[in-house]
Amino acid sequence: MPNIAKKRILIVGAGISGATIARKLADNGYEINLVEKKKHIAGNCYDFIDKNGIRIHKYGPHLFHTSKKDVITWLSRFTDWIDYKHHVVSKLRNGDLVPFPPNIETLKKVKKEDLINIFYRPYTEKMWGTKLEKINPGILNRVPIREDSENCYFPKDNFQKLPKEGYTSLIAKMLNHENIKVRINCDYQREMSEEYFHTFNSMPIDEFFNYKFGHLPYRSIKFHHKVKNINRITKHPVINFTDINSPYTRQTEWKNLPNNKNMNHLTVITKEEPCDYKENNQERYYPVNDIGGLNRKLYQKYANLVPNDITFIGRCGLYVYINMDEAVASALLKAKSFINKYKKI
């Protein structure tokens, strides 16, 4: 068995999970080769400054929030932060904007018995492409109805900030290590793993096994970006839509997020249109958590086939709907477990 410092590790995917494992292992003497099929690092966290000087999150708004001290400590090695507490409003059919998740201010304009059908059913059914009753209730519990005036979207998390220079910069600094080599615009081929001691793989697990048991369902998003020649449309960063007949679930006005240039003559918005991933160039964003757990059972059939020299990571690899802090925590745990397992070799 070769010396641990010379062991070569392959990581598939330069998102926040893959980057975390890459850096953790590199810090412990492993030689890391990372391949990414996209033309950029940072995965779905990828952001950039557009030609108007406004920071855009290409794959929808990513708002970091956590109470996990180890995650905060880890990420703070690679970024400074800027304070930001996320607040969302929903647009009613009459045009009024009310807090979401619903609170006592919302109840001044919407009856309590109508909350589910006005706010949760339209958004959920567009988002997941199925009836509300077929989705695991845990999804809805992420944004519970409130009985007070709290209007913060993530009221339980004591750390709510954005990376000062953006997520792409954060990931770039994480990958900036002499033991890490990155190849973007590079598709993973299974035979690649034969050249490495171990592979950490964030690709869809059903694709890895050539859909042996069938396709795992995922939802995707079509993002519609528009530049408006006005100062701003509203003061709100994110507006959810309650209209069941509209294909869109929400709108982000990017200049309303902090650390953005205040361009007085224009604003940039993005509307999100959910769809099946097969309708959007195979772009998988959200595993479908059905109430019967059938999708999870199908995932487990694939998981039972995973060889010992491969570990699946991230939303697609683990088929889980997790936040960024949970993805980082999971990646750190897997990296630590791997290091401890082979530290005496």
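> What exactly am I supposed to notice about the state of the cysteines here?
A covalent bond between the sulfur atoms of two cysteines is referred to as a disulfide. For the coordinates displayed, the defined rule picks out zero disulfides. Free of any disulfide, C186 has its nearest cysteine sulfur in C316, 18 Å distant.

> Hey, could you run me through the pairing of strand β15 (residues 267-276) in this one?
Note on strand geometry: in a regular strand, side chains alternate between the two faces of the sheet. The element β15 is extensively covered by neighbouring structure, given that seven of its ten residues are classed as buried. Note that strand β12 (residues 218-228) and β15 share ten bridges and pair antiparallel. Residue pairing in the sheet places H225 in a bridge with T270 of β15. Here strand β14 (residues 250-253) runs beside β15; their pairing, made up of four bridges, is antiparallel. Paired with R250 across the bridge in β15 is E272.

> Would you mind going over the environment of R142 with me for this structure?
Mapping R142 onto the fold places it in the loop between α4 (137-140) and β9 (159-163). On the basis of relative accessibility, which here comes to 33%, the residue R142 falls in the partly exposed class. Each C-alpha atom, one on R142 and one on Y188, is 34 Å from the other, the two residues being 46 residues apart in sequence. Those residues in contact with R142 that lie beyond four places of it in its chain are Y321 and N323. Reaching out from R142, the side chain makes a polar contact with the side chain of N323 at a distance of 2.7 Å.

> How should the nonpolar core be read in this particular structure?
Considering soluble globular proteins, one finds that nonpolar side chains tend to be buried as a cluster. Counting residues in hydrophobic clusters, the biggest one holds 86 residues, and the most contacted among them are L25, I32, L75, I171 and Y188. If one sorts the elements of this core by residue count, helix α9 (residues 324-342) sits on top with nine residues. With sequence-adjacent residues up to four places away left out, L75 is seen in contact with F64, W81, L170, M174 and V328. Ranked by size, the runner-up nonpolar core spans ten residues in total, among them L92, V110, L115 and Y120.

> Help me understand the pattern of salt bridges in this model?
Pairing is possible between side chains of opposite charge, provided their charged atoms come close. Summed over the entire model, instances satisfying the criterion amount to 14 salt bridges. With its nearest N and O atoms 3.1 Å apart, the salt bridge here joins R77 to D27. Of this pair, R77 sits in the loop between α2 (69-75) and β6 (81-83) while D27 sits in helix α1 (residues 16-27), and the two are 50 residues apart along the sequence. Accessibility expressed as a relative area gives 46% for R77, which makes it partly exposed.

> When you look at unusual backbone geometry in this model, what are you seeing that I'm missing?
Keep in mind that most residues, glycine aside, have a negative phi and that most peptide bonds are trans. For the bond running from F100 to P101, omega is 5 degrees, close enough to zero to count as cis. Within the fold, P101 resides in the loop between β8 (97-100) and α3 (115-128). Positive phi, close to 85 degrees, is recorded for A42, a residue that is not glycine. By the element assignment, A42 lies in the loop between β2 (31-35) and β3 (47-49). Classification of A42 as buried rests on a relative accessible area of 0%. Of note, N281 is a non-glycine position whose phi angle comes to about 55 degrees, a positive value.

> What exactly am I supposed to notice about the sheet that holds β12 here?
Hydrogen bonds along the backbone pair up the strands of a sheet, which may run parallel or antiparallel. An order of β8-β7-β13-β14-β15-β12-β16 is seen for the seven strands of this open sheet, with the pairing classed as mixed. The sheet is open, and its two edges are formed by β8 and β16 (286-287), each paired on a single side. Direction of pairing for β12 relative to β16: antiparallel, over a ladder of two bridges. Across the sheet, the residue bridging to R219 is Y286, located in β16.

> When you look at helix α7 (residues 294-303) in this model, what are you seeing that I'm missing?
Given 3.6 residues per turn, any residue in an α-helix points the same way as the ones three and four places further on. N295, L298, Y299 and Y302 are the residues of α7 that are buried. Summarising the axial view, the buried residues of α7 lie within an arc of 100 degrees, below the 170-degree limit, and thus occupy one face. Opposite the buried face of α7, by more than 90 degrees, sit the exposed residues L294 and K297. Contact partners of the buried residues in α7: α6 (205-208) and α8 (314-318).

> Hey, could you run me through the packing of α1 against α9 in this one?
What describes two packed helices is the angle between their axes and the distance between those same axes. One way to put it is that α1 packs onto α9 with a least axis distance of 8 Å and a crossing angle of 35 degrees. For the pair α1 and α9, the crossing hand works out as right-handed. Here I16, S17, T20, I21, K24 and L25 of α1 come into contact with α9, specifically with M324, A327, V328, A331, L332, A335, F338 and I339. Per-class residue counts for the contact of α1 with α9 are eleven nonpolar, two polar and one charged.

> Explanation requested: the sheet that holds β6 in the structure shown.
Strand order in the open sheet formed by three strands is β5-β9-β6, with antiparallel pairing between adjacent strands. The sheet is open, and its two borders are formed by β5 (64-66) and β6, each paired with just one other strand. Along the sheet, successive strands turn relative to each other by an average axial angle of 40 degrees, direction set aside. Summarising the sheet, β6 and β9 pair through three bridges and their orientation is antiparallel.

> I'm lost on helix α5 (residues 167-175) in this one. Help?
Those residues of α5 that sit buried are Y167, T168, L170, I171, M174 and L175. An end-on view of α5 places all buried positions within 160 degrees of arc, on one side of the element.

Reading the values: rules and limits
Residues numbered from 1 in each chain as written. Predicted model: local features only at pLDDT ≥ 70, side-chain atom pairs only at ≥ 80, totals over all residues. Heavy atoms only, no water. Disulfide = S-S within 2.5 Å. Buried < 20%, exposed > 50% of the residue type's maximum accessible area, 1.4 Å probe, protein only. Helix = DSSP H or I, 4+ residues; strand = E, 2+ residues; numbered from the N terminus. Pairing = 2+ DSSP bridges. Contact = heavy atoms within 4.5 Å. Polar contact = N/O pair within 3.5 Å; in protein donor to acceptor, adjacent residues only side chain to side chain. Core = buried A, V, L, I, M, F, W, Y, C linked by side-chain atoms within 4.5 Å. Salt bridge = Lys/Arg side-chain N within 4 Å of Asp/Glu carboxyl O. Arc of directions from axis to C-beta. Axes fitted to C-alpha atoms, helices over the stretch in contact; angles between N-to-C directions. Left-handed = near helix turned anticlockwise from the far one by under 90°. Nonpolar A, V, L, I, M, F, W, Y, C, P; charged D, E, K, R; others polar.

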